[in-house]
Amino acid sequence: MANYKDIIIIGGGAAGFFAAINIAKENPERSVTILERGKEGLQKVKISGGGRCNVTHAEFMPSELVLNYPRGEKELLGPFHSFMTGDTIAWFEERGVDLKIEEDGRMFPVSNSSQTIIDCFISEAKMYNVEVLYNHSVKTLDARATDFIVQTSQGELTCNKLVIATGSNPKIWKILNDLGHTIVPPVPSLFTFDIKDKRIKDIPGVVAKNVEVKVLGTDLVSEGPLLITHVGMSAPAILKLSAFGAVEFADLNYNFKIEINFIKQDTESCLNHIKALKYTLAKKSVIKSAQFDLPKRLWKQLVLAAGISNSERWADINKQQLEGLADQLTKAVFNVTGKSTFKEEFVTAGGVDLKEVNFKTFESKRIPNLYFAGEVINVDAVTGGFNFQNAWTGAYIVSQSITKT
Ligand SMILES: Cc1cc2nc3c(=O)[nH]c(=O)nc-3n(C[C@H](O)[C@H](O)[C@H](O)COP(=O)(O)OP(=O)(O)OC[C@H]3O[C@@H](n4cnc5c(N)ncnc54)[C@H](O)[C@@H]3O)c2cc1C
């Protein structure tokens, strides 16, 4: 039959290429075709991790790894027992791509270039005869009893097995919805918080090494480094919250209050600490004697916010000022008024409802022979290489499932 392919993969991104290569390697007798709407594929891989591609994360326990997925935690536990971060590292190493671990656990190609990953995929796809049809945008899908009809911008194709790896593409979600799948409405995840506040206005670039951030009126809380930016706050303490609170923050139209404990101590022990300084540092200027390992510029802003002036010494300040400073250090409230893009990595929460995917095979529970991999399903993770790991794991399991049938 003209234009018949055994296996079609829609989407030439991370998940699509990984699935296609692994399927083709195991099934040399079956034709494998990627349909990619762009004139090139792997565009997100290219820009990922600031151009370095944070391929995965050095976390080797499935039960720990899943904690990084606000959506997908429960469902990915089984799949991670089949294909994990260690398997990703081995997969790339076997193909001559060595990965290195950074201090925070993120893993990158030793070359520090996402092009290394792209080159690897393109050459593997070629080696196993994967056909990649660029400029083929999928317009409609028809699921028949024994095959699928795929209408593209360049004509019609038929196939026996269909893998959807289109990332967060609204048109494909609409088509899947028409075919009977539930689509959880998409909202952005992994963003920084916009905050206009005198305390942080003049100190972009300042990092507090380990803070606790609570979202007032919710159960959301996170810990980690915090970076003051030109428009607000970023770094893991904020990015983790943006992922775990993605749906709540969208509902709040990105307007909410956060409370920051800059020193991760309770207010009382903080107060006891600074009370003692009235005697031990009596003649020293408060503003110039930063405590708790806080950056000097941040300390200064918090001291000023507590109503302590530039010239005041520890001996001069009263009980109210001391309490004000303890509050600023341990429960400073900031108004978040919007969000900004975190350029290193962002993803979309939402997609194919997890209840409708068989996580042993990544096959649709609604339509036989239809498979999903990557961001098209309602899985997303915090920053650190976990989003790609979801793509590799899903795509690998799809390849194993298709190989067995
Ligand atoms: C700036 C940025 C940096 C990132 N950095 C990292 C990182 O360092 N580490 C990490 O783990 N994650 C990172 N991510 C997230 C990661 O890129 C995604 O989770 C991952 O790419 C998802 O893979 P995917 O294959 O599901 O989707 P995608 O990579 O988005 O691929 C989907 C493909 O499908 C194609 N497509 C869509 N619709 C159609 C259609 N109708 N017909 C044909 N083709 C179609 C698209 O053109 C695209 O090529 C980053 C994201 C961004 C935006």
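So, here's what we can say about the structure. Here the structure is a predicted model, which means the values were calculated and not measured.

## Brief notes about the packing of aromatic side chains
No. 1: Applying the stated criterion across every chain, the model contains 24 aromatic pairs.
No. 2: Ring centres 5.1 Å apart and planes at 75° place the aromatic pair Trp91 and Phe92 in the edge-to-face group. Of the two residues, Trp91 and Phe92, both sit in the buried class.
No. 3: Geometrically, the ring pair formed by Phe191 and Phe249 is edge-to-face, given 6.4 Å between the ring centres and 70° between the ring planes. Residue Phe191 is located in strand 11 (residues 191–194), and its partner Phe249 is located in helix 10 (residues 246–251); the two are separated by 58 residues in the primary sequence.
No. 4: Its relative accessible area of 3% is what places Phe191 among the buried residues.
No. 5: On the basis of relative accessible area, Phe249 is assigned to the buried category, the value being 0%.
No. 6: Put simply, the rings of Phe17, Phe18, Phe83, Trp91, Phe92, Phe121, Phe388, Trp392 and Tyr396 touch in pairs and so form one group of aromatic residues.
No. 7: One cation-aromatic arrangement involves Arg199 over Phe334; the distance from NZ or CZ to the ring centre is 3.8 Å.

## A look at the environment of Ser401
No. 1: Among the structural elements, Ser401 can be located in helix 14 (residues 386–404).
No. 2: A polar side-chain atom of Ser401 sits 2.6 Å from the main-chain carbonyl oxygen of Ile397.

## Describing the site of the ligand
No. 1: Residues in contact with the ligand amount to 33 residues; listed here are only the nearest, Ala15, Glu36, Glu344, Glu375 and Phe388.
No. 2: Glu345 places a side-chain nitrogen or oxygen 3.1 Å from a nitrogen atom of the ligand.
No. 3: Protein coverage of the free-state accessible area of the ligand, which is 990 Å², stands at 95%.
No. 4: At the level of elements, helix 1 (14–26), helix 2 (43–51) and helix 14 are the ones that each hand at least two residues to the shell around the ligand.
No. 5: Here the shell around the ligand gets 4 residues from one element, more than from any other, and that element is helix 2.

## Overview of the state of the cysteines
No. 1: Applying the stated criterion across every chain, the model contains 0 disulfides.
No. 2: Here Cys120 is not cross-linked by a disulfide; its sulfur's nearest cysteine counterpart is in Cys53, at 11 Å.
No. 3: Classification of Cys120 as buried rests on a relative accessible area of 7%.

## Some words on the nonpolar core
No. 1: One finds Phe92, Phe121, Leu162, Ile164, Leu176 and Ile377 to be the most contacted residues of the largest nonpolar core, which totals 83 residues.
No. 2: Ranked by residues supplied to this core, first place goes to helix 1 with 9 residues.
No. 3: Leaving out residues up to four positions away in the same chain, Ile377 has contacts with Gly350, Gly351, Val352, Leu354, Val357, Phe359, Phe362 and Phe372.
No. 4: Membership of the second largest hydrophobic core comes to 47 residues, among which are Tyr254, Val286, Ala306 and Ala332.

## Some thoughts on helix 1
No. 1: Counted at 1.5 Å a residue, the expected span for helix 1 with its 13 residues is 18 Å, and the 19 Å between its end C-alpha atoms agrees.
No. 2: Among the 13 residues that make up helix 1, 11 are buried, leaving the element largely enclosed by the rest of the structure.
No. 3: Listed as buried for helix 1 are Ala14, Ala15, Gly16, Phe17, Phe18, Ala19, Ala20, Ile21, Asn22, Ile23 and Ala24.

## Describing the pairing of strand 2 (residues 32–35)
No. 1: On strand 2, burial covers both faces: Val32 and Ile34 on one face and Thr33 and Leu35 on the other are all buried.
No. 2: In this structure, strand 1 (residues 4–10) lies alongside strand 2, joined through 4 bridges in parallel fashion. Bridge assignment links Ile8 to a residue of strand 2, and that residue is Thr33.
No. 3: Following the chain from strand 1 across helix 1 to the adjacent parallel strand 2, one finds a crossover that is right-handed.
No. 4: Where strand 2 meets strand 6 (residues 131–133), 3 bridges bridge the pair, whose relative direction is parallel.

## Side note on helix 6 (residues 114–127)
No. 1: If you check helix 6, its first and last C-alpha atoms are 20 Å apart, about what 14 residues at 1.5 Å a residue would give, namely 20 Å.
No. 2: Every buried residue belonging to helix 6 is among Ser114, Ile117, Ile118, Cys120, Phe121, Glu124 and Ala125, and all of these are buried. End-on, the buried residues of helix 6 take up no more than an arc of 160°, which puts them together on one face.
No. 3: The inward-facing, buried residues of helix 6 contact helix 1, helix 2, helix 5 (85–94), strand 5 (106–109) and helix 14.
No. 4: Structurally, the start of helix 6 carries an N-cap: the backbone nitrogen of Gln115 is 3.1 Å from a side-chain oxygen of Ser113.
No. 5: The first or second residue beyond helix 6 is Asn129, which carries a positive phi of 60°.

Rules of the game
Residues numbered from 1 in each chain as written. Predicted model: local features only at pLDDT ≥ 70, side-chain atom pairs only at ≥ 80, totals over all residues. Heavy atoms only, no water. Phe/Tyr/Trp six-rings, centres within 6.5 Å; stacked < 30°, edge-to-face > 60°. Buried < 20%, exposed > 50% of the residue type's maximum accessible area, 1.4 Å probe, protein only. Helix = DSSP H or I, 4+ residues; strand = E, 2+ residues; numbered from the N terminus. Lys NZ or Arg CZ within 6 Å of the ring centre and 35° of its normal. Polar contact = N/O pair within 3.5 Å; in protein donor to acceptor, adjacent residues only side chain to side chain. Near = heavy atom within 4 Å. Areas by Shrake-Rupley, 256 points an atom, 1.4 Å probe, with all protein chains shown as cover. Disulfide = S-S within 2.5 Å. Core = buried A, V, L, I, M, F, W, Y, C linked by side-chain atoms within 4.5 Å. Contact = heavy atoms within 4.5 Å. Expected span 1.5 Å × (residues − 1). Pairing = 2+ DSSP bridges. Right-handed = clockwise from strand over helix to strand, strands pointing away. Arc of directions from axis to C-beta.

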